[in-house]
Structure formats: structure tokens, C-alpha cells
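Summary of structural features
As a plain string of letters, each chain reads:
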Amino acid sequence: MLEEFFAQLKEHKLVQWTLGYLAMSFTLIPVLDIIASRFGWSQTAARRIVIALATGFFVMPVIARYHG
């Protein structure tokens with residue numbers, strides 16, 4: 001049963017998608033922080049972007065499951 005689970009993870013490339021999303025998110029957050037400070041965005045806008053990225057982390061495996 002555990003072997004089947006790992007086979008599905010490998011088949012759908014879920015680990016690669018997760019690592020890619022984390023890398024993209026951790027790169028994007030500081031860049032967005034710089035952009036937000038340059039353009040005078042409120043802290044609420046920056047928080048919403050971070051919340052959207054965090055929410056996307058839970059949506060991404062579902063997309064990876066069906067796309068991968």
C-alpha cells in the first residue's frame with residue numbers, strides 16, 4: 001500500500017511540483033516586497049499576495065495530480 005502511494009507520487013511528479021512551487025514562492029515573496037515598497041502598496045496588499053501564495057500551495061497538489 002505504501003509502495004503504491006509512492007508510485008503515484010512519482011507518476012504524477014507531485015514532489016517536483018511541490019518543490020518548484022516552494023522555490024517560486026520563496027523567490028517571489030521578497031521580490032514582491034521590494035515592488036510593494038517602491039510603489040507604495042499597503043501592507044494589506046502584500047499580505048493578500050502572501051495568503052494567495054499560501055493558498056496556492058494547497059491547490060497546487062490537486063492540479064499536479066490531474067495534470068502530471
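Scroll up for the structure.
Residues numbered from 1 in each chain as written. Predicted model: local features only at pLDDT ≥ 70, side-chain atom pairs only at ≥ 80, totals over all residues. Heavy atoms only, no water.

Some points on the packing of aromatic side chains
Applying the stated rule across the entire model yields two aromatic pairs. A ring pair is formed by Phe57 and Phe58, whose centres lie 5.5 Å apart and whose planes are at 80°; its orientation type is edge-to-face. Take Phe57: its relative accessible area is 28%, and that puts it in the partly exposed class. Accessibility expressed as a relative area gives 65% for Phe58, which makes it exposed. An aromatic cluster is defined as three or more aromatic residues linked by ring pairs; in this entry it consists of Tyr21, Phe57 and Phe58. (Phe/Tyr/Trp six-rings, centres within 6.5 Å; stacked < 30°, edge-to-face > 60°. Buried < 20%, exposed > 50% of the residue type's maximum accessible area, 1.4 Å probe, protein only.)

Examining the packing of helix H2 (residues 14-39) against helix H3 (residues 43-67)
A pair of packed helices is characterised by two quantities: the angle between their axes and the separation of those axes. Relative to each other, H2 and H3 sit at 160°, their axes nearing to 10 Å. Compared by their axis directions, H2 and H3 come out roughly antiparallel. When the axes of H2 and H3 are compared, the crossing they make is right-handed. Contacts between H2 and H3 involve Leu14, Trp17, Thr18, Tyr21, Leu22, Met24, Ser25, Leu28, Ile29 and Leu32 from the first element and Ile49, Val50, Ala52, Leu53, Gly56, Phe57, Met60, Pro61, Ile63, Ala64 and His67 from the second. Of the residues assigned to the contact of H2 with H3, the class counts are 17 nonpolar, four polar and no charged. (Axes fitted to C-alpha atoms, helices over the stretch in contact; angles between N-to-C directions. Helix = DSSP H or I, 4+ residues; strand = E, 2+ residues; numbered from the N terminus. Parallel < 35°, antiparallel > 145°, perpendicular 65-115°, else oblique. Left-handed = near helix turned anticlockwise from the far one by under 90°. Contact = heavy atoms within 4.5 Å. Nonpolar A, V, L, I, M, F, W, Y, C, P; charged D, E, K, R; others polar.)

In short, the description is geometric, and any link to function would need to be established separately.
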